[in-house]
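Coordinates in review
Next come the chains, spelled out residue by residue.
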Amino acid sequence: MLELQHIKKSYDGVTILQNIDLEIQDGEIVSILGPSGCGKTTLLNLILGITDVDEGHIFFDEEDITAVPMEKRGFNIVFQDYALFPNLNVYQNITYGLRNKPDISTKEEVDELIRLLGLEEHLKKKIEQLSGGQKQRVALARTMVMKPKILLLDEPLSALDGVIKESIKEKIKQIARDYHLTTIIVTHDPEEALTLSDKVLIINEGKISQFGTPEEIIAKPKNKFVKDFILNQLEIKRNNIFTLFQNDIRRNLQVVNV
Ligand SMILES: Nc1ncnc2c1ncn2[C@@H]1O[C@H](COP(=O)(O)OP(=O)(O)OP(=O)(O)O)[C@@H](O)[C@H]1O
Ligand SMILES: [Mg+2]
């Protein structure tokens, strides 16, 4: 279990995050949702260990890791811009981390991940020859072969759309389930957060606005921000889709009534 207690972080005297208290269970998928600049990436960086907290503690499996450096925490991140190596091909990118630690994953495990992420046919390609969604899957595979204790993803789907986005969402879910991997995903899209995760952490102005399951958030929004900012967006989307498919729905109803 990952536990954050009373976390506070400021930059140049300005408070970015405060009173962050949070428990994430093993194998859970948690989305961090909130508007631009609310502190999502900062929170991910604090968990990863690239950034130090000002106050509070971080525990992992009951060990206080607040002062443990990033390399020793054993978590791993997929950055928004993927940060792949342009001079290496897809397979070399995926297995890069194993060069110094070959015992972490067997060849069979690497092949299994490649298959799961549908990358078999791209292994010899250079990074520049890939689409955004393919790069995203390579970045995911490269991180996964290192078997992180926690997988952190910073806006992994924001550059993607439509069917590709849905297919990568499914892959992330499948990996989290198959590997029982705690996965923390930053997003600013309510639909993505609520359809992808077991729990959603909504942050506004550096504080937790609500932390709960998608059902709890929809049924019992805790405050005006969750209602106005999060649920309102979803309702607009729902109404647009209903309007678009109205004729279809009527037709189906007629069929049912016949
Ligand atoms: N290294 C830094 N030095 C100073 N200020 C910083 C630093 N990193 C982040 N900030 C500030 O902290 C605030 C939160 O930034 P953060 O990157 O966590 O936001 P975010 O929620 O990830 O936003 P976005 O959705 O736009 O990515 C911003 O006001 C930002 O300017
Ligand atoms: Mg960010």
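Residues numbered from 1 in each chain as written. Chains lettered and ligands numbered in written order. Predicted model: local features only at pLDDT ≥ 70, side-chain atom pairs only at ≥ 80, totals over all residues.

The subject of this paragraph is the packing of helix H5 (residues 132–144) against helix H6 (residues 162–178). The packing of two helices is summarised by the inter-axis angle and the distance between the axes. At a minimum axis distance of 11 Å, the contact between H5 and H6 shows a crossing angle of 10°. Overall, the two elements H5 and H6 adopt an arrangement that is roughly parallel. Along the contact surface, H5 presents Gly133, Gln136, Arg137 and Met144, while H6 presents Ile164, Ile168 and Ile175. Taken together, the residues of the contact of H5 with H6 sort by class into 4 nonpolar, 2 polar and 1 charged. (Axes fitted to C-alpha atoms, helices over the stretch in contact; angles between N-to-C directions. Helix = DSSP H or I, 4+ residues; strand = E, 2+ residues; numbered from the N terminus. Parallel < 35°, antiparallel > 145°, perpendicular 65-115°, else oblique. Contact = placed C-beta atoms within 7 Å. Nonpolar A, V, L, I, M, F, W, Y, C, P; charged D, E, K, R; others polar.)

Let us now look at the confidence of the model for the chain. Overall, the prediction assigns the chain a mean pLDDT of 91, with 98% of residues at 70 or greater. Taking the mean pLDDT of every element in the chain, the minimum, 73, falls on helix H10 (residues 246–257) and the maximum, 98, on strand E4 (residues 55–60). (pLDDT = per-residue confidence, 0-100.)

Adjacent strands of a sheet pair through backbone hydrogen bonds, lying either parallel or antiparallel. Strand order in this open sheet of 6 strands is E6-E7-E8-E3-E9-E10, and the pairing throughout is mixed. Looking at strand neighbours, the two that pair on one side only are strand E6 (75–78) and strand E10 (207–212), the edges of this open sheet. In this sheet, neighbouring strand axes are inclined to one another by 20° on average, regardless of whether the strands run parallel or antiparallel. (Pairing = 2+ DSSP bridges.)

This part is about the environment of valine 78. Its place among the elements puts valine 78 in strand E6. You can call valine 78 buried: it has 24 C-beta atoms within 10 Å. Spatially, the C-alpha atoms of valine 78 and leucine 153 are 4.9 Å apart, while their sequence positions differ by 75 residues. Once residues lying within four places of it in the same chain are set aside, the contact partners of valine 78 are Ala139, Leu140, Thr143, Leu153 and Pro156. (Buried ≥ 20, exposed ≤ 12 C-beta atoms within 10 Å, placed from the backbone.)

Time to look at the pairing of strand E3 (residues 29–33). With 5 of its 5 residues buried, E3 lies for the most part within the structure. Along E3, one buried face is formed by Ile29, Ser31 and Leu33 and the opposite face, lined by Val30 and Ile32, is buried too. One ladder, built from 5 bridges, connects E3 with strand E8 (residues 182–187); its direction is parallel. Residue pairing for E8: serine 31 is matched across the bridge by isoleucine 185. Here E3 runs beside strand E9 (residues 199–204); their pairing, made up of 4 bridges, is parallel. Looking at the pairing, isoleucine 32 lines up with leucine 201 of E9.

Taken together, the neighbourhood of ligand 1 is formed by Tyr11, Asp12, Ile16, Gly34, Ser36, Gly37, Cys38, Gly39, Lys40, Thr41, Thr42 and His188. Tallying contributions element by element places helix H1 (residues 40–48) first for the shell around ligand 1, with 3 residues. In terms of residue class, the shell around ligand 1 is built from 3 nonpolar, 7 polar and 2 charged. (Near = placed C-beta within 6 Å.)

Attention now moves to the sheet that holds strand E2 (residues 14–24). If you trace the 4 strands from one edge of the open sheet to the other, you get E2-E1-E4-E5, paired in antiparallel fashion. Among the strands making up the open sheet, the edge pair consists of E2 and strand E5 (63–64). The pairing of E4 with E5 spans 2 bridges and is classified as antiparallel. Within E5, the residue paired with phenylalanine 60 across the bridge is glutamate 63. On the sheet, H1 packs against strand E1 (2–11), E2 and E4 and is oriented at approximately 60° with respect to E2.

What follows concerns H1. All of the buried residues in H1 are Lys40, Leu43, Leu44, Leu46 and Ile47. Seen from one end, H1 has its buried residues packed into an arc of 160°, which puts them on one side. (Arc of directions from axis to C-beta.)

The subject of this paragraph is unusual backbone geometry. Unusually for a residue other than glycine, aspartate 61 sits at a positive phi of about 50°. Structurally, the position occupied by aspartate 61 is in the loop between E4 and E5. A residue is classified by how many C-beta atoms lie within 10 Å of it, and aspartate 61, with 10 of them, is exposed. Located in the positive-phi region is glutamate 62, a residue other than glycine, with phi close to 70°. Relative to the assigned elements, glutamate 62 resides in the loop between E4 and E5.

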